[in-house]
Every structure is written in structure tokens, then in C-alpha cells.
Amino acid sequence: MNGHDLTIISPLLVAIGTAVAILLVDLIAPGRRDAAIGVSLLGLAGVAAVTLMASAWVQTGNDGSAFHGAYKLDALTTFLDLLFVSIIALTIVFAPDYLAPRGLPVAEFAVVLVFAMCGAMVLSAATDLLLLFIGLELMVLPGYMLAGYHKSDGYSTEGAIKYFLLGSFSSAIFLFGLSFVWGLTGTTSVGGVAEFLKGVAAHTTAFSPGLAMGFAFMTTGVAFKIAAVPFHYWTPDAYQGSPTPVTGYLSVGPKIGAFALILRLFVEALGPVKADWLPVIIVLAAVTMTLGNLVALTQDNVKRMLAYSSIAHTGYMLVGLAAFAGGQQLGLEGLLFYGAAYSFMNLGAFAVIAALQKRAGVTSSLETFAGLGRKEPVLGVLMFLFLLSLTGIPPTAGFFAKAIIILSAVQAGGWVSFLAVITMLNAAAAAFYYLRVAVYMFMRDPASDAPPLSHGRLLWSGLAVAAFVTVLFGFLPGIFSIVGDAAKAIAPI
């Protein structure tokens, strides 16, 4: 390791330092939530600043690769790292109002989240299959812990066990497939695998059944991480049982991290044979969005509904990957934009649910939202905004995210264009269960006479940020020009 390598990984080092600093603060001043949260947010701001500085240094002409090409700092890495920082910061801001009444420590929660972010940052920059696997495990292992964070809650423990067992199996399957690819290509480098497959595409190198099996196992492992059908069974129980701030994080953090792996694996490594894996992605996208929405229609628990909704959004994002395989660069840009927009609007929706559950014993059933527009009008309006964006109604970020995805699928043509039709039909079906929550909030009487709750300034600040970004991306979708640079970094036009 030399100075150049340290500069490239400096954002990751600052992230690790932030986690250590939170631990030290909690050791010196145990139980001081404000100190732990303050150090967490300052550290995350430092990670964002160092990320931007390191990116600017690379853009001046310096080599963005480190550790013999296994780690790469490019526009995609910068975009994803900043998105990960935003997700973790909002989760930490939303959590105290929910955790404190239940006696759950905030500092430990923040530490585990930051360590999960470190794994996601490794994923975004890894250009080696082994490093991708290490980053994946560093990201998902803290998720298993967070799912069972409320140890005295049987549902939380049950969800965590299911998540851990199925997650372990999927990781083993992914690693098994990786071993096939390593053995038959002779390399774990993403670029090396791509070069091997270029020979396959040119019919100068044989494509063995063992290599196809390896890629199939890796695809299966990744599909579990993004909760694609039929590898989605862990999602409803894990989401419903987890503490609500954890559910919000699980719905976006690991999903975006797994899509980072997909971009490095499918776009960079498997790009030369994209015509071969396109049919698989088309089927996955269509089945995932359709099943997710159909089951969500039947739910009367909002957390469980949003869990199935999250599965459907995975399908929408896969449409962007299919459009890329169909020859449209816009598909990658749409996937990245969708991931960013979805992160803020979904975290905002879960933050509102967590705010309503500040009083112990309150569930996330539809009845809990009855009369919210009258009892707590600000919360009701914010939830309505997030639901509109999740539905895809203009001028919110969700509308433009879906529009870009659908447009890229139409431009790709062929079977991919059918995904555009399926996406529009699913978006129409999703409007029913999203707007049903709005009906309860504004057209039903409150279920109880309990007085409105008071919420902390951190929660209101986080909700304001989530709402602002949701509206900003809706009115000015072009403001996110970094998306185009990130897409070009892995798939130059």
C-alpha cells in the first residue's frame, strides 16, 4: 500500500474512523444520545467531503485504481458513496424518536449502520469478484443484526433469523458460482472476466456449461439480495418484524448496494454477452414487479404492504438493466436515478410510520393512519407526498424515475418494450394500495381519541430533507447530471 492507494480509499478510511469515533464517544459518555448522533452526522459529512475531494483529485488526471486494479474510484463510486451516506444519515436522524421510548441504544444502532455503509462503499468501488463478495458480506451482516435489534420482540427475532438463514444460503450460492467463474476463466478481475467473454462473443473462446452454471449461481445469490421473485420470501417477515427505522434502511440500503454489485457484475463483467442474459432479466423484472404489486394489494398492514411494494420497485429497476442490455444507455441512467429517488421517498414513508409508532403498542395497520390528516396534518401531508411519489404521480421524483425507465424500455424495442407496458400496468395497480392509505388519512375518523404525539427536531429535519429531495427531483430531474457520468463510467457510450 502506498500514498496513491491511501488517497483512493480515503473515503472508506474516514467511514471506518467515524464508526470507531462513535464507539469511543459511547464508551466515554454512555447513554448520551445527542453526542453519539452528533459524532455520527459529523463523521458522515466528513465522508461525503472526502469522497468529493478524492473524486476531484481523480478527475484532474490521476489514476483512480488502487491495489493493482481491485479497487476503483470513478463517477459511479462517487455517486453511490454519496447516496449511501445520505441513506445512513437519514436513518440515524429518523431513529431516536422510535428507539428511545423502547429503551434501545442509539449509539450501537449508529455504529452498526456505519459499518454496513463501509461494506456498501467497498461494493461500489470493487472491480474484483472476491472483493465484491467481501463488500457484500460486510454490508449484509450488520443488516442481520439490525433486523433483530429489538431483542425482546419475538417478531423482530423471527424476522432476523429468517433473514440470516436465507441470506447465508444465498451468500454461499453466490460464492459457489464465483468459484466456478474463477476456475474456468482463470481470473477474479471484473475486467479479466470481461476480456474472456469478449472472446466468447467473438466465438474465439468456448463458453463451457460450467461457466454458465457459475453465472447462474451468482445471479441467484444477487437476486436474493435485491428481493427479486422467487427469492423474495424473507422480505415481508424481515421488514414487518424489524424496528421501523431498520425496516426503512433495509428497504433501500442493501438494495442499492446489491444493485451496485449488479452493475459491476452484469454491466462491466458480463457486458460482452448481454444478449445472452437479457431474457433472464426480462423474466425477473416482469415477474418481480407483478407479484410484488399483486400481493401488496391484499395487505392491511402498511409496513408489510411497503415490503411487497419494495419487491415491485426492484422489478422496476431491473427494467433499466434490461433496457441497457437492449442497447439503451438511458436504461442505466434510469436505474441509478430510480435508486436515488426511491431511497428518499421510501425512507420518508417509513419515517412517518416510525413517528406514529413512537407510542409503544401502536401497530402499522391501516387503522393507525385513520384521521392522521386531521390529528397531525403535517405528517399526513408528508406521507401523502411520499405515497404520490411511490405511485409515480407528477411532479414528484417517482414520476420522472418511472418515466425514464419506461422510455428506455420503449427505445430498446423488442421484448424489452413489453416491459414498458407491464411497468405502466403495475404502476396503475400500485396506485390503489398507495392511495388507500391516503383515503384512511383524510377520509376516515381517527381510531382513538389519543392526543397527537410530539416529535423531535431531528425527525422533522429528516422529513424535511426527504420531502425536499422528493420534490426537487420531480421539478428539476436534470439537476442529477451526475447520474449520466456514473452510467458512462461503467458503460462508455
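Here, every reference points to the structure presented above.
Residues numbered from 1 in each chain as written. Predicted model: local features only at pLDDT ≥ 70, side-chain atom pairs only at ≥ 80, totals over all residues. Heavy atoms only, no water.

Draft legend 1. Quick look at the side chain of Ser10. Note on placement: Ser10 falls in helix 2 (residues 10–28). Setting aside residues up to four positions removed in sequence, Ser10 forms contacts with Val50 and Ala54. (Helix = DSSP H or I, 4+ residues; strand = E, 2+ residues; numbered from the N terminus. Contact = heavy atoms within 4.5 Å.)

Draft legend 2. Here's a closer look at the pattern of salt bridges. One pass over the full model with this rule turns up eight salt bridges. One salt bridge in this structure joins Lys72 and Asp74, with 3.8 Å as the shortest N-O distance. Residues Arg264 and Asp74 are paired through a salt bridge, measuring 3.3 Å at the closest nitrogen-oxygen approach. With Arg264 in helix 12 (residues 244–269) and Asp74 in the loop between strand 2 (71–72) and helix 4 (75–94), this pair connects stretches of sequence that are 190 residues apart. Linked by salt bridges that have partners in common, Lys72, Asp74, Arg264 and Glu268 make up one network. (Salt bridge = Lys/Arg side-chain N within 4 Å of Asp/Glu carboxyl O.)

Draft legend 3. Main features of a nonpolar patch on the surface. Judged by side-chain polarity, Leu6, Leu13, Ile16, Val20, Leu23, Leu24, Leu27, Ile28 and Phe115 come together as a nonpolar surface patch covering roughly 830 Å² of accessible area. Ranked by the residues each element gives to the nonpolar patch, the list is headed by helix 2, at seven residues. Tracing the chain through its elements places Phe115 in helix 6 (residues 106–125). What makes Phe115 partly exposed here is its relative accessible area of 34%. (Patch = residues over 30% accessible without salt bridge, like charges linked within 9 Å, V, L, I, M, F, W, Y side chains within 5 Å. Areas by Shrake-Rupley, 256 points an atom, 1.4 Å probe, with all protein chains shown as cover. Buried < 20%, exposed > 50% of the residue type's maximum accessible area, 1.4 Å probe, protein only.)

Draft legend 4. Representation of the packing of helix 7 (residues 129–147) against helix 12 within the structure. Packing of helix 7 against helix 12 brings their axes to within 11 Å, and their N-to-C directions diverge by 170°. One finds that helix 7 runs roughly antiparallel with respect to helix 12. Residues Leu129, Leu132, Leu136, Met139, Gly143, Leu146 and Ala147 of helix 7 form the contact with helix 12, whose participating residues are Val246, Tyr249, Leu250, Gly253, Pro254, Gly257, Ala258, Leu261, Arg264 and Leu265. (Axes fitted to C-alpha atoms, helices over the stretch in contact; angles between N-to-C directions. Parallel < 35°, antiparallel > 145°, perpendicular 65-115°, else oblique.)

Draft legend 5. Looking closely at the packing of aromatic side chains. Inspection of every chain in the model, using the stated rule, returns 18 aromatic pairs. Residues Phe133 and Phe174 carry aromatic rings whose centres are separated by 6.2 Å and whose planes lie at 10° to one another, so their mutual orientation is stacked. Taken as a pair, Phe133 in helix 7 and Phe174 in helix 8 (residues 154–185) lie far apart in primary sequence, 41 residues in all. Residue class for Phe174 comes out buried when judged on its relative accessible area of 1%. With a centroid separation of 6.3 Å and an interplanar angle of 45°, the aromatic rings of Phe180 and Phe217 are classed as tilted. Of this pair, Phe180 sits in helix 8 while Phe217 sits in helix 10 (residues 209–225), and the two are 37 residues apart along the sequence. (Phe/Tyr/Trp six-rings, centres within 6.5 Å; stacked < 30°, edge-to-face > 60°.)

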